[in-house]
Amino acid sequence: MAAATRQPTGDLRTAVKHAIDLLQRDPTLAKQQAEEILAVHSGIDADADAARQVMGIASRLLGNPAQGLEFIEPLVSRHHDSADLLYEFGLCLGAAGRGDEAITALEKAVATEPGHAKAWRSLGDQLTVAGKETRARQAYEKHVEVSARHPELITAAGCLHAGEIAKAEKLIRDVVKKDPVDVVAIRMLADIGLQVGQAADAENLLKRALELAPDYHHARHTYAMALSRRGKLEEALVEVDKLLAAEPNNPNYLVLKGTVLVRKGDHRPALEIYERVLAHYPHQARAHMSYGHTLKAVGRVDDSIRAYRRCLELSPDVGEACWSLANLKTFRFSDEDIRNMRDQVVPEGGDAEDQAHLAFALGKALEDRGQFDESFRFYEKGNRIRKGKTRYSAKINVFNTARQIKTFDAGFFESRSDRGCQASDPIFVVGLPRAGSTLIEQILASHSLVEGTDELPDIIGLSRKLGRKSRKNPASHYPEIVKDLSRERAAELGESYMANTRVHRRGAPFFIDKMPNNFQHIGLIHFILPRAKIIDARRHPMAGCFSCYKQLFARGQTFTYDLSDLGHYYRDYLRLMDHWDEVLPGRVLRVQYEEMVADSEAQIRRLLDYCGLEFEQQCLRFYENERAVRTPSSEQVRQPIYREGLEQWRHFDKHLEPLKQALGPVLQRYPT
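Residues numbered from 1 in each chain as written. Predicted model: local features only at pLDDT ≥ 70, side-chain atom pairs only at ≥ 80, totals over all residues. Heavy atoms only, no water.

1. Remarks on the pairing of strand β3 (residues 510–513)
Residue alternation in β3 divides its side chains into two sets, Phe510 and Ile512 and Phe511 and Asp513, and both sets are buried. In the sheet, strand β1 (residues 426–431) pairs with β3 via 3 bridges, with the strands oriented parallel. Note that in β3 the partner of Phe428 across the bridge is Asp513. Sheet analysis places strand β2 (residues 450–454) next to β3, joined by 4 bridges and oriented parallel. Bridge assignment links Glu451 to a residue of β3, and that residue is Phe511. (Buried < 20%, exposed > 50% of the residue type's maximum accessible area, 1.4 Å probe, protein only. Helix = DSSP H or I, 4+ residues; strand = E, 2+ residues; numbered from the N terminus. Pairing = 2+ DSSP bridges.)

Okay, here's the thing in structure tokens:
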């Protein structure tokens, strides 16, 4: 077709270049510019086709991938050897929910130009949502290979896949030392930080990577994950929305947004996101799993089971879906389920995460059937896999306990009795995991003046901030630094906690923070929030510790993967709680799980009285509360209190000698 009107070639190309430059900053203006170009120059030549490409990209960025395809598809037909056009074609197809066609287009793009890093990355994304995990991993590894300036990073990627984290970390650190602006190396180092629980280090690394390369979407995706892990949910959403501005229908970004919304307690919009993704990508196994997690949190158990089962139909080796079913606690596996899980277990090797999840799931399935010896073997295998990926040190925990006791002595509190923020809103529930903290939270959250939130990371975050610990300076200044804090600083820290936790609240006068590990920071809590309530959820050491051992925690709680570590940790916990009772007498209310089971009403009245709350009948019917619950006990607290779990550990008694040895004299003093 001949052009309607001719412009000088130089002016036309300048206009096209301007439209291209506008794409990321303002796709609406870019589209308008391209429309103006095509209004006067609609021929079939390089300049007009460049304007059409701008129209297609801008349409996709503005949330209209179908219109984008109207411009891009004819261009691909004419320029079938253009990797950039095939890449954009793949993005438009993916955004329109045509995942299989998107994969084909992106595979053509990387075949045409094997060094097209963005196409490899997007191909990995599309293969992931299609449930093709092995091919997705290969695409991501190829993305690293073509992005990397240093061959060591390719070797490191292979080490990470093989589970050789320490070896990979050394290789990547060596690259960063000689090339501190290599953003691929920085991002890979941050990935390792997230894997080993160093989210703060990962956050700082990724912030640096994005300063160097603001359009590095892979790094921004990981950055949003790091922020979410650290409880910086509003900041995480800002980063996800930046990603979605570039790719509005990218299912991986949408699923991440859903995950962050769930952490915020915004379950309805999260469910809408998962349903939107699954409408376009019904074969995306892990999206079904995330959907199941959210359905479980809001109490739609039957729907969550269907979602987990659909995940396993699509991808039988997704161990997390098996564990998610087991983690409902009330679910029972069929013979066929158990056979299928056994088929996925390998004697050695395999994907560590999937194998750990499968082992814990089989442990639970066999325990429910009374096959206790084989059940324990699977629990033991799952814990062995997880322990190999952690850096927990029982000796360091003993040392940190001693530092808390030495710092927060009676004299510390006597000389600082008038400090801190005077808010009385928080109710802290502390102790070991699996000791009844979710039950206490559910009872209190059934009261009209109290709302449950989550296991909030803010107190632990404050302790780390005070400690000023880093890779270069691994010695923390906390807790000793608290002695140097002024009256104004103590109040400021308390007010900071109140401000940061506001995102989780809906307006009730009181709220619950049930991070169990906060028992280590009761001195800090009392110092900055002297009017907060603190409840210690306690359970028989054998029952509590073994319940932790057979629980696969999503992250953290690294002391739970070894029976001896568990026993010593329980002793440190008891030692520290004894200290708080001595220096802050009457400050902490202790709730024994067994006593709550034996006489619920008396214990519930005692709990409410301590919190200064009038008795309300619905607290006795806590299991009718429809609030979202995300912890492993979510389905148990939606039922009346039951006694069956009190003595379950005795079925495994002959396997628990290392735990008994580590607990030692503690076994003789319970309850106390």
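2. Here's the deal with helix α17 (residues 285–297)
The first and last C-alpha atoms of α17 sit 19 Å apart over 13 residues, in line with the 18 Å expected at 1.5 Å per residue. Burial analysis of α17 places 11 of its 13 residues in the buried class, which makes it a mostly covered element. The complete set of buried residues in α17 reads Ala285, Ala287, His288, Met289, Ser290, Tyr291, Gly292, Thr294, Leu295, Lys296 and Ala297. In this structure, the buried side of α17 is in contact with α15 (251–264), α16 (267–280), α18 (301–314) and α19 (319–326). One or two residues past the end of α17 sits Gly299, with phi positive at roughly 90°. (Expected span 1.5 Å × (residues − 1). Contact = heavy atoms within 4.5 Å.)

3. Let's talk about the state of the cysteines
Inspection of every chain in the model, using the stated rule, returns 0 disulfides. Summary of cysteine pairing: Cys611 is not part of a disulfide, and the nearest cysteine sulfur, belonging to Cys619, is at 9.8 Å. By relative accessible area, which is 6% here, Cys611 ends up buried. Looking at Cys619, the relative accessible area reads 0%, which means it is buried. (Disulfide = S-S within 2.5 Å.)

4. A few points about the side chain of Ser304
Among the structural elements, Ser304 can be located in helix α18. Taking the relative accessible area as the measure of exposure, Ser304 reaches 0% and is therefore buried. Among residues more than four places away in sequence, those in contact with Ser304 are Gly292, Leu295, Lys296 and Leu328.

5. What about the packing of aromatic side chains?
For the structure on display, the rule yields 23 aromatic pairs. Aromatic pair Phe376 and Phe652: ring centres 6.5 Å apart, planes at 45°, arrangement tilted. Note that Phe376 is positioned in helix α22 (residues 372–387) and Phe652 in the loop between α32 (600–610) and α33 (657–663), a separation of 276 residues in sequence. Each member of the pair Phe376 and Phe652 is classed as buried. An aromatic cluster is present here, built from Trp323, Phe360, Phe372, Phe376, Tyr379, Phe546, Tyr549 and Phe652 joined pairwise through their rings. Positioned above the aromatic ring of Tyr593 is the side chain of Arg539, whose terminal nitrogen or guanidinium carbon lies 5.1 Å from the ring centre. Positioned above the aromatic ring of Phe615, the side-chain terminus of Arg605 is 3.8 Å from the ring centre. (Phe/Tyr/Trp six-rings, centres within 6.5 Å; stacked < 30°, edge-to-face > 60°. Lys NZ or Arg CZ within 6 Å of the ring centre and 35° of its normal.)

6. Considerations on the nonpolar core
Core analysis: the biggest nonpolar cluster contains 116 residues, and Met341, Phe428, Leu444, Val482, Tyr497, Ile535 and Tyr570 have the highest contact counts within it. If we skip the residues at most four places from it in the chain, Val482 touches Phe408, Phe412, Leu466, Leu524 and Phe527. Ranked by size, the runner-up nonpolar core spans 57 residues in total, among them Val144, Ala168, Val175 and Leu210. (Core = buried A, V, L, I, M, F, W, Y, C linked by side-chain atoms within 4.5 Å.)

7. Concerning the side chain of Asp513
Inspection of the secondary structure puts Asp513 in strand β3. A distance of 2.8 Å separates polar atoms of two side chains, one belonging to Asp513 and the other to Tyr497. In this structure, Asp513 is in contact with Ile427, Phe428, Val429, Thr453, Asp454, Glu455, Leu456, Tyr497 and Asn518, ignoring residues within four places of it in sequence. (Polar contact = N/O pair within 3.5 Å; in protein donor to acceptor, adjacent residues only side chain to side chain.)

8. Structural notes on the packing of helix α10 (residues 165–178) against helix α11 (residues 183–195)
Between α10 and α11, whose axes approach to 9 Å, the crossing angle comes to 145°. As for the relative orientation of α10 and α11, their crossing is left-handed in sense. Taking contact as the criterion, the partners of Ile165, Ala168, Glu169, Ile172, Arg173, Val175 and Val176 in α10 are, on α11, Ala185, Ile186, Met188, Leu189, Ile192 and Gln195. Its residues assigned to classes, the contact of α10 with α11 comprises 10 nonpolar, 1 polar and 2 charged. (Axes fitted to C-alpha atoms, helices over the stretch in contact; angles between N-to-C directions. Left-handed = near helix turned anticlockwise from the far one by under 90°. Nonpolar A, V, L, I, M, F, W, Y, C, P; charged D, E, K, R; others polar.)

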